[in-house]
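Summary of structural features
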Amino acid sequence: MGAALIIAATALFLYGAATNDAYRWSVYRKYLFDQRLLEGAWNTLQLTIYSMVLAILLGIVLAVMRLSPNPVFRSVSWVFLWIFRGTPVYVQLVFWGLFPTIYKNLQLGIPFGPTFFELNLQALSIPFLLAVIGLGLNEGAYMAEIIRAGISSVPEGQSEASTALGMSWGMTMRRTVLPQAMRVIIPPTGNEIISMLKTTSLVTAVPYSYDLYGIAVRDIGGRIFEPVPMLMVAATWYLVVTSVLMVGQFYLERYFSRGASRKLTTKQLEALAKAQAGTGGM
């Protein structure tokens, strides 16, 4: 009964949307494969990839610092996570957009002495780079916790056994710890990549207006005064790219879950049988 009601409600909604003139389906079909939107989708994908690469690299460094016995490393990592997880990403992007105004010139040299290098930021057009930095630093704080949780999920006995076999710390991490940690790291990382794809719509704060949302809604939609169909066009392309990323996430998870079994071992089965027998006797 419940399933039938859901199907009926969905069918009614789709019929209503298909026959509602406010959606401007003719405009939707006209601009769905517009060259400018394809370029915007490509720019959005580049923003996602570059920002996530920066975030993953930064997350690895911060995770190692959090797990380090050095109190300075732990403190620096904690402060970074506190700031970038505690402030909205839009506010951070606005700051990066104002960065060339706050720091007009970057200089490298000896204090009160000669300057070896000087860069005028206001003379450069770097909104794409600033958007990547802003998104990457924010996401790096979340990736650090994901990677730290993945590394911590591997029993310490695995590292101790590898060390006993003569493996170095780097080899232990590469051959023993990380392959097992990836089973924990990959699923949330895939979710973060999909989330990053949608977060790129906020880069107007930098300002960068050549992403999918910027071109579809602010450029074309604002010029032809048709925001609703252009929002639908942007949503369609976001769904397409997200679907591709979800397929990639599925195969990555399956690859790194090789060797993991949900079946109980013989010893576990024996222990379970003894526990059940003991419960039955009571």
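Given the structure is predicted, the values throughout are model-derived calculations rather than measurements.

Broken down by element type, the protein carries eleven helices and two strands. Counting from the amino terminus, helix and strand elements in the protein follow one another as α-α-α-α-α-β-β-α-α-α-α-α-α. When burial is assessed residue by residue, the protein has 32% of its 282 residues classed as buried. In the protein, the share of contacts with a sequence separation of at least 24, taken over all contacts with a separation of at least 6, comes to 72%. Put simply, the protein shows about 17,700 Å² of open surface, and 67% of that area lies on carbon and sulfur atoms.

The subject of this paragraph is the environment of Ala22. Tracing the sequence through the fold places Ala22 in the loop between α1 (2-18) and α2 (25-31). Classification of Ala22 by relative accessible area gives partly exposed; the value is 44%. Along the sequence, Ala22 and Val228 sit 206 residues apart, while their C-alpha atoms lie 7.5 Å from each other.

This next bit is on the packing of aromatic side chains. Geometry of an aromatic ring pair is reported as the spacing of the ring centres plus the angle between the planes. Applying the stated criterion across every chain, the model contains 13 aromatic pairs. Geometrically, the ring pair formed by Trp25 and Tyr28 is edge-to-face, given 5.4 Å between the ring centres and 80° between the ring planes. Here Trp25 pairs with Tyr28, and both are found in helix α2, just three residues apart, close to one helical turn. Taking relative accessible area as the criterion, Tyr28 reaches 14% and is therefore assigned buried. Judged by centre distance (5.2 Å) and plane angle (75°), the rings of Phe250 and Tyr251 are edge-to-face. Among the residues examined, Phe250 registers a relative accessible area of 45% and is labelled partly exposed. Put simply, the rings of Tyr50, Phe128, Tyr208 and Tyr210 pair up and form one aromatic cluster.

It is the contact of helix α3 (residues 35-67) with helix α10 (residues 227-256), at a shortest axis distance of 11 Å, that shows an interaxial angle of 45°. Here α3 lies oblique to α10, going by the angle between them. In the crossing of α3 with α10, the sense of the turn from one axis to the other is right-handed. Judged by residue contacts, Leu37, Leu38, Thr44 and Leu45 of α3 engage Met230, Val233, Trp237, Tyr238 and Val241 from α10. Of the residues in the contact of α3 with α10, the class split is eight nonpolar, one polar and no charged.

The next subject is the pattern of salt bridges. If you walk through the whole model with that rule in mind, you get six salt bridges. A salt bridge links Glu145 to Arg148; the shortest N-O distance between them is 3.0 Å. Of the two residues, Glu145 and Arg148 are both situated in helix α6 (residues 127-152); the distance of three residues between them amounts to about one turn of the helix. Classification of Glu145 by relative accessible area gives buried; the value is 17%.

A word on the environment of Pro155. For Pro155, the location among the structural elements is in the loop between α6 and α7 (156-164). On the basis of relative accessible area, Pro155 is assigned to the partly exposed category, the value being 47%. Along the primary structure Pro155 and Gln180 are separated by 25 residues, whereas in three dimensions their C-alpha atoms are 9.7 Å apart.

Calculation notes
Residues numbered from 1 in each chain as written. Predicted model: local features only at pLDDT ≥ 70, side-chain atom pairs only at ≥ 80, totals over all residues. Heavy atoms only, no water. Helix = DSSP H or I, 4+ residues; strand = E, 2+ residues; numbered from the N terminus. Buried < 20%, exposed > 50% of the residue type's maximum accessible area, 1.4 Å probe, protein only. Contact = heavy atoms within 4.5 Å. Areas by Shrake-Rupley, 256 points an atom, 1.4 Å probe, with all protein chains shown as cover. Phe/Tyr/Trp six-rings, centres within 6.5 Å; stacked < 30°, edge-to-face > 60°. Axes fitted to C-alpha atoms, helices over the stretch in contact; angles between N-to-C directions. Parallel < 35°, antiparallel > 145°, perpendicular 65-115°, else oblique. Left-handed = near helix turned anticlockwise from the far one by under 90°. Nonpolar A, V, L, I, M, F, W, Y, C, P; charged D, E, K, R; others polar. Salt bridge = Lys/Arg side-chain N within 4 Å of Asp/Glu carboxyl O.

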